[in-house]
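# Architecture at a glance
Spelled out, the chains give:
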Amino acid sequence: MTGRSKESTRDRSARTAKATASRPPASRHGRTPPGTRLAPGRVYDFTWQSETIAALADGGLWWPARRLLAIADLHLGRSGRLARTRGLLLPPWETPETIERLTVLIDALDPATVVCLGDSFDDDAAARELRKEDRTALLEMATGRRWIWVAGNHDPACPATARSSGERQEPTGDINAGDRPWTARLDRFVSGSIVFRHIASAEAKVTGGEISGHFHPKHRLSSRGVRITRPCFLVSDRRIILPAFGHYTGGLDCCEPPFPDLIGPRAIAILTGTKALPVPVRCPGARIGRNPRSGRGGS
Amino acid sequence: MARSARAILSAAPDPDNVSGTRECRDDTPPRTPELSETFAAWFARRGWTPHPHQTQLLDAANDPAVLLVAPTGGGKTLAGFLPTLMELESTSGTGLHTLYVSPLKALASDVRRNLLQPVRELGLDIRIETRTGDTAPGVKRRQRIDPPDLLLTTPESLALLLSHAESSRLFASLRRVIVDEIHALAESRRGDQLALALARLQVLSPGMKRIGLSATVSDAADLGRFLAAAPRDCRLLLADPGPPPRISVLRTEGPPPWSGAGALYAVPAVLEEIRKARTALVFINTRAQSEVFFHALWKENSGNLPIAIHHGALSREARDRVEAAMVAGQLRAIVCTGTLDLGIDWGDVDLVIQVGTPKNIQRLIQRIGRSNHRYDAPSRAILVPANRFEVIECQAALEAAAAHELDGEARGAGAGDVLCQHILIRAAAGPFDADALYQESRKAGPYRDLTRETFNACLEFCATGGYALRRYDRWQRLKQRPDGQWQLRDPRRARSIRMNIGTIIEEEMLGVRMGRRYGKPIGRVEEAFAATLSSGDTFLMGGRIVRFDRLRETTVEVSPSSHARPKVAVFSGTKFSTSIRLCNRVIALLQHDRPPGIPPHTLSWIQLQREVSKLPRPGRLLVESFPHRKTACTCIYGFAGKNAHQTLGLLLTRRMEATGLQPIGFVTTDHALLIWSLDPVNDAGTLISLAGIRTGFDDWLAGNAVMKRSFRNVAIISGLIERNLPGSRKTGRQTTVSSDLLYDTLRKYQPDHMLLRLTREEAMRGIVDFARIEEMFARNRSRIDHVMTNQVTPFAAPLLLEVGRVPIVAGGVERMLQEKAEALMTEAGLDMISRASR
């Protein structure tokens, strides 16, 4: 099953989503999902909403049964936006760097569907300003598979090449329309009982599962006086919040609001970086489950 | 108030208060014709006689630049202001006349208070105002339109003033700049910024004169070149240094311990000295040690002597309270760090105690100058060695001080990142011509050798970032107009430039508050230290033991604790290395058969070292190898300072790893480096060679954590990263990109970028201190005394007891992370539910 060629993927890409979804789960616990060429330790798989899901050290979420890759917060064109709006001149390589990492991941997994969970571009202008090389690389990556842009707060209209807006159910029919490989731009994307959206919904109850981005969660571990902070996945019974995949993205400590309210007291953080490392989320002194602050007072 | 005014303005003492002999140079007349009638009468009324250097400065007041080097208490500040006050007697109210710049906000306010009295007594109609970070925005606005005669400020506030378009009008009337404590400013990048500001002021007011006021320094001419408009020289006035200080080394009943830097053994003896003195300043080299020492002093302080603590990590309120109590004469001693090296004159201090070796003789002399601010009386100081080796070093320092052998190090060239900031500040003030700004910058002392190429690189960086990857038009901060002038692409950016002015970069610190949200602020700890705390941990802060409750956003919340053994707050602060001269004096001292002034307990230790091994000799590198607890120890007496030894340790263990000697770890002090390995070093000459450690040095250095720390500073100062964002109360921390990431990105895509070059230069001078390693090799060439014995040598034994051993672990961080993660999962009972695939 491994090492399948590009051609065969293209053939399969014409299948409907239903066919993709009905493919039997090829992964058993304790084994690297097929179709991946990822180093051991760089994958952590777990059962969530009765599905086998893999968190990757690269920052992507892999759903082997559907051959679906979800990534969040690419923030392409961030340095360009900061130059434009704030006069900051950061080294302008974050877009090629992010695209390079994404290319490696997609080559290794060969997903049938890629869901970008919003804030894929740092703003709508950043999508238009993309350098030609970067645009070409993105188009190449998207060719032959379903590619869903979920709109984010940074990029409500992106990408410029996408089709109509509006909330829709999972699209069916022709996936690769003409020269536009982008399948859809959606406010949310639903697959079975699982909904993909940019920001975790505010209501406490989520029916089914919810996969989102937006917050750039980070987790901090300290031991023997050394402190290490890594972007992380947050996994609770019903929610998964993805780390930011983009290169120049800060982060929010997973003990800071609103995380305690979103993920509850028994969540697991999966650290990214060299390895996908699961740790329990333990916030010293935090009163989990209650909003600790009413306003922005304090420090 | 009368006393403090007296302290700052003290001319010669009141006749009824002359104690002992008063030595006065005869070559100056008691009254000088230069003093105007009003002033002469005022001096006479106070019963004072001007010091010779005060009248000399008056003489030289029309020189373009004068540097006055005088000990504290010599009426230096009045000397600086005399020419201005006399000129203003007739011409006040004609715009800004004199600008006074000092390194401390507190000093500016203090000088203002102390000037008001003589101004009143002289009947002068002069407006004197301060302008610092504490000045209200409304006052600042008014000052830009309607300036006082005399403005007292700091280098940062001056740079901020220059970033406004009105600055050209404001400073057009400026006649004089007085730079106080110039020796302290010149040591750092703040000095570079000030020098560039002076060059700018000179353009705005071509007739401006410069006066510099400095404490005793080793190289006054060098400092003069820093002050003067390059390439011109500076007139130097060296005041009578006064009677030599009386320095002694503390003798205690028992000998000091073999290792460590805390000097806790000396607490009872120090307390006794404090009791005998009127008021004492107790200088300790690091904040953490000062906390521990202070805590120990109070445990012994059965007589409840009023003793306070003062260091940079305490809250401003806490420090203000201590300073006010000191001025009011309520304290018998202050335990302090470098924060009290400068500042308000306290006339009543009659004793300076230096705990731990001073490491640098010039700083020792300046600290001693903090006592007895009376020109005629000798200052008194006691050195407290923290361990056996420091007994030798303190003796060496004492001899060096007696011989007036100061060890200031030559000032490096002006830093590129500061020039970048200066260019942005200039752009914020309005369009500029690149040629003119280049010529102007070269008139700043530290930038006198600035090449056009470097200047252009800095300008290019400010304009576009200087990246090899070309971007679209709006990728510009500065743009060139059709007439060739440069200006901000977006004038609104001036605000964020102003908000990020400054060259002092601290570690990320978190505020510490007692109790819940609106609790009293008591100080700050490093973010990295706060991260290691768990609920219930205790640490020392401001002499109190506090219990860590929680971290809320950027505040550490604590409560009082009665725990007996606290963790200690770690502050990285500045870590000085023992100076080259002091190291050489130590080696020289060891060549005596019976080194003078060394007590018996240390003499016998030196004697034993001579018998068992060898003593370090000038021009030769002593290396010892011996087994210890199944490991092979190698001790290298480099005498190159702690930072250089640290670097040397990292480089040598890397070489040892490559040759299979299996190093385990190393430990460093200012004089030696001890490495543990599984296999012994048999050929010290091959291992310890300059060519050898240079191989692969650049790669090693580029990937090193210290480089990332240096890069952060360079990136912030040059304006690549903004710490403060307009319209945001938060610091830039949450919103800006991590500087480590920027460093890695630049290294990957443009390794020759200007900021990476600046970072390397900065690290080589500072934390890496490669210059001292080169100096060590130059001093010893390849003459190595390699002693191989079967026992631990007397000089090496204390190193085995030193804390702070650096372990050599391949892939250490990742392994540690994994262990910790697994432990946490097991503890939470989660390892059964989820499992890693590998």
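Attention in this report is confined to the structure presented alongside it. Per chain, residue numbering runs from 1 following the sequence as it is written. Chains carry letters and ligands carry numbers; both start at the beginning, A for chains and 1 for ligands, and go up in the order they are written. Where totals are concerned, whole chains, interfaces and linings use all residues; where local detail is concerned, this predicted model gives features only for residues with pLDDT of at least 70, and gives and counts side-chain atom pairs only at 80 or more. In computing side-chain properties, one takes all heavy atoms of the structure into account and sets aside hydrogens as well as water.

## Side note on the overall build of chain A
- Each helix is a run of H or I in the DSSP string that is no shorter than four residues. Each strand is a run of E no shorter than two, and both are numbered from the N terminus. Of regular secondary structure, chain A possesses seven helices and 16 strands.
- The buried label goes to any residue with under 20% of its type's maximum accessible area, the exposed label to any with over 50%, and the partly exposed label to all in between, with areas taken from a 1.4 Å probe on protein chains only. Burial status across chain A gives 57% buried among its 299 residues.
- Contact definition: two residues touch when any of their heavy atoms are within 4.5 Å. Expressed as a percentage of contacts within chain A between residues at least 6 apart in sequence, the contacts between residues at least 24 apart total 68%.

## Concerning the pairing of strand S13 (residues 380-384) of chain B
All names here are of chain B.
- In terms of residue burial, S13 counts as a mostly covered element, since four of its five residues are buried.
- Two strands pair when backbone bridges link them, and strand S8 (residues 246-249) and S13 are joined in this way by four bridges, in the parallel orientation. The residue of S13 that forms the bridge with Val249 is Leu383.
- One ladder, built from four bridges, connects strand S12 (residues 351-355) with S13; its direction is parallel. By the bridge assignment for S13, Gln354 is matched with Leu383. When DSSP finds two or more bridges between two strands, those strands count as paired.

## Details of empty space enclosed by the protein
All names here are of chain B.
- Of the grid points, spaced at 1 Å and generated over the protein atoms alone, those admitting a 1.4 Å probe that cannot get out make up cavities, while open sets with protein on both sides within 12 Å along at least five of seven lines make up pockets; any residue with an atom within 4 Å of a point is treated as lining. Grid points are joined across faces, edges and corners, and a volume is the space filled by probe spheres set on the points. With the rule as written, the count across this model stands at 14 cavities of 30 Å³ or more.
- Put simply, the parts of the chain that give the lining of the second largest cavity at least two residues each are helix H17 (416-429), helix H20 (494-499) and helix H28 (705-718).
- Of the residues that constitute the lining of the second largest cavity, the class distribution is seven nonpolar, five polar and two charged. Classification convention: Asp, Glu, Lys, Arg as charged; Ala, Val, Leu, Ile, Met, Phe, Trp, Tyr, Cys, Pro as nonpolar; all other residues, Gly among them, as polar.

## Regarding helix H3 (residues 78-86) of chain A
All names here are of chain A.
- By the burial criterion, the buried members of H3 are Arg78, Ser79, Gly80, Leu82, Ala83 and Arg84.
- Its buried side turned inward, H3 meets helix H4 (94-109) and helix H5 (124-129).
- Gly87, located one to two residues past H3, shows a positive phi value of around 70°.

## A look at the pattern of salt bridges
All names here are of chain B.
- Each salt bridge in this description consists of a side-chain nitrogen of Lys or Arg and a carboxyl oxygen of Asp or Glu lying within 4 Å of one another. Under the criterion given, the structure shown has 45 salt bridges over all chains.
- The closest approach of N and O atoms between Arg235 and Asp63, which form a salt bridge, is 3.2 Å. You can see Arg235 sitting in strand S7 (residues 235-238) and its partner Asp63 sitting in the loop between helix H3 (52-59) and strand S1 (65-69), a full 172 residues away along the chain.
- The exposure class of Arg235 is partly exposed, given its relative accessible area of 35%.
- Here Glu323 and Arg316 are joined by a salt bridge, their closest N and O atoms 3.5 Å apart.
- On the accessibility criterion, Glu323 (12% relative accessible area) is buried.
- One continuous salt-bridge network, built from bridges that share partners, spans Arg127, Glu129, Arg142 and Asp146.

## A few points about the environment of Ile194 of chain A
Residue and element names in this part refer to chain A.
- As for its position among the elements, Ile194 is in strand S9 (residues 194-197).
- Classification of Ile194 by relative accessible area gives buried; the value is 2%.
- C-alpha of Ile194 to C-alpha of Thr207: the two residues are 13 residues apart in sequence and 8.6 Å apart in space.

## Section: the sheet that holds S12 of chain B
Residues and elements named next belong to chain B.
- Read across the open sheet, the six strands follow the order S8-S13-S12-S9-S11-S10; overall the sheet is parallel. Sheet topology places S8 and strand S10 (307-310) at the edges, where each strand pairs with a single neighbour. In this sheet, adjacent strand axes meet at a mean angle of 20° when their direction is disregarded.
- Judged from the four bridges that link them, S10 and strand S11 (residues 333-336) form a sheet pairing that is parallel. Within S11, the position partnered with His310 by the bridge is Cys336.
- Axes here refer to lines fitted to C-alpha atoms; in helices the fit is confined to the stretch in contact. Angles between the N-to-C directions go from 0 to 180 degrees. Strand contacts of helix H13 (residues 287-300): strand S9 (280-284), S10, S11 and S12, with the helix running at about 170° to S10, the strand carrying the most contacts.
- Each of S9, S10 and S11 touches helix H14 (residues 316-327); the most contacted strand, S10, lies at about 135° to it.

## Notes on the sheet that holds strand S6 (residues 209-214) of chain B
Residues and elements named next belong to chain B.
- Strand order in the open sheet formed by seven strands is S3-S4-S2-S5-S6-S1-S7, with parallel pairing between adjacent strands. Lying at the two open borders of the sheet, with one neighbouring strand each, are strand S3 (128-131) and S7. Across the sheet, the mean angle separating the axes of adjacent strands is 20° when strand polarity is ignored.
- In this sheet, S7 lies alongside S1 in parallel orientation, the contact comprising four bridges.

## Topic: the packing of H28 of chain B against helix H29 (residues 739-749) of chain B
Residue and element names in this part refer to chain B.
- Running from N to C, H28 and H29 cross one another at 105°; their axes reach a closest spacing of 9 Å. In terms of orientation, H28 lies roughly perpendicular with respect to H29. Residues Met707, Lys708, Phe711 and Arg712 of H28 lie in contact with H29, whose contacting residues are Ser739, Asp740, Leu742, Tyr743, Asp744 and Leu746.
- Its residues placed into classes, the contact of H28 with H29 shows five nonpolar, one polar and four charged. Reported orientations rely on four angle classes, namely roughly parallel under 35 degrees, roughly antiparallel over 145, roughly perpendicular from 65 to 115, and oblique for the rest.

## Describing helix H22 (residues 580-590) of chain B
All names here are of chain B.
- Turning to H22, its buried residues number three or more, namely Leu582, Cys583, Val586, Ile587, Leu589 and Leu590. Angularly, the buried residues of H22 cover 160° about the axis, an arc narrow enough to put them on a single face.
- Taken together, the buried residues of H22 touch helix H15 (361-368), helix H16 (388-402), helix H23 (600-612) and helix H31 (770-780). In this context, the arc is that of the directions from the helix axis out to the C-beta atoms.

## A look at the side chain of Thr578 of chain B
Residue and element names in this part refer to chain B.
- Tracing the chain through its elements places Thr578 in the loop between strand S21 (567-568) and H22.
- Any pair of N or O atoms that falls within 3.5 Å is considered a polar contact. Within protein, one atom must be able to donate a hydrogen and the other to accept it, and sequence-neighbouring residues count only if both atoms are side-chain atoms. Within the local environment of Thr578, its side chain forms a polar contact with the side chain of Glu393, the two groups lying 3.2 Å apart.
- Within polar-contact distance, the side chain of Thr578 engages the side chain of Asp670 at 3.1 Å.
- Dropping the residues within four chain positions of it, Thr578 is found in contact with Lys359, Glu393, Cys583, Gly641, Asp670 and Arg772.

## Quick look at unusual backbone geometry
Residue and element names in this part refer to chain A.
- The amide bond that connects Pro257 to the next residue, Pro258, takes the cis arrangement and shows omega of 5°.
- Relative to the helices and strands, Pro258 resides in the loop between strand S14 (252-253) and helix H7 (259-263).
- The phi dihedral of His214 falls on the positive side, at around 75°, and the residue is not glycine.
- Relative to the assigned elements, His214 resides in the loop between strand S10 (209-212) and strand S11 (217-223).

## Thoughts on the nonpolar core
Residue and element names in this part refer to chain B.
- Formed by 116 residues in total, the largest nonpolar core has its most connected members in Leu99, Phe171, Leu201, Ile423, Leu478 and Leu720.
- Looking at which element gives the most residues to this core, the answer is helix H10 (residues 189-204), with eight residues.
- Segment limits for the domains were obtained from an automatic or database-derived domain assignment. Structurally, this core is a two-domain feature, drawing no fewer than three residues from each of domain 1 (2-238) and domain 4 (613-702 + 768-807).
- If sequence neighbours within four positions are ignored, Ile423 has contacts with Phe432, Leu437, Phe455, Cys458, Leu459, Cys462 and Leu478.
- Among the nonpolar cores identified, the runner-up in size contains 54 residues, and Leu331, Ile587, Ile606 and Ala796 belong to it. Only buried residues count toward a nonpolar core, which is a set of Ala, Val, Leu, Ile, Met, Phe, Trp, Tyr and Cys residues joined through side-chain atoms within 4.5 Å.

## So, the packing of aromatic side chains
- Pairing of aromatic rings covers Phe, Tyr and the six-membered ring of Trp, with a centre-to-centre limit of 6.5 Å; geometry is then stacked below 30 degrees between planes, edge-to-face above 60, and tilted otherwise. Throughout the structure, instances matching the rule amount to 20 aromatic pairs over all chains.
- Taking the centre distance of 6.0 Å and the plane angle of 85° together, the rings of Phe389 of chain B and Phe795 of chain B count as edge-to-face. One end of the pair, Phe389 of chain B, is in helix H16; the other, Phe795 of chain B, is in the loop between strand S26 (784-788) and helix H32 (797-801), with 406 residues separating them in the sequence. Accessibility classification places Phe389 of chain B together with Phe795 of chain B in one group, the buried group.
- Through a chain of ring-to-ring contacts, three or more aromatic side chains come together here, namely Trp258, Phe389, Trp605, Tyr637, Phe639 and Phe795 of chain B.
- Placement of a positive charge over a ring is assigned whenever Lys NZ or Arg CZ falls within 6 Å of the ring centre and within 35 degrees of the normal to the ring plane. When the ring centre of Phe245 of chain A is taken as origin, the NZ or CZ atom of Arg101 of chain A, which lies over that ring, is 4.5 Å away.
- Above the face of the Trp258 of chain B ring, Arg388 of chain B is positioned so that its terminal group lies 3.7 Å from the ring centre.

## Quick notes on the side chain of Arg239 of chain A
All names here are of chain A.
- As for its placement among the helices and strands, Arg239 is situated in strand S13 (residues 239-241).
- Within the local environment of Arg239, its side chain forms a polar contact with the backbone oxygen of Ser201, the two atoms lying 2.8 Å apart.
- Looking at Arg239, its side chain comes within polar contact range of the main-chain oxygen of Leu262, at 2.9 Å.

## Here we look at the pairing of strand S25 (residues 673-677) of chain B
All names here are of chain B.
- Of all five residues in S25, five are buried; the element is thus mostly enclosed.
- Here S25 shows a buried face lined by Leu673, Ile675 and Ser677 and a second buried face lined by Leu674 and Trp676.
- Across five bridges, the pairing between strand S23 (residues 631-637) and S25 is antiparallel. Among the inter-strand pairings, Cys635 is bridged to a residue of S25, identified as Leu674.
- Here strand S24 (residues 663-668) pairs with S25 via five bridges, running antiparallel. The partner of Gly665 across the bridge, within S25, is Trp676.

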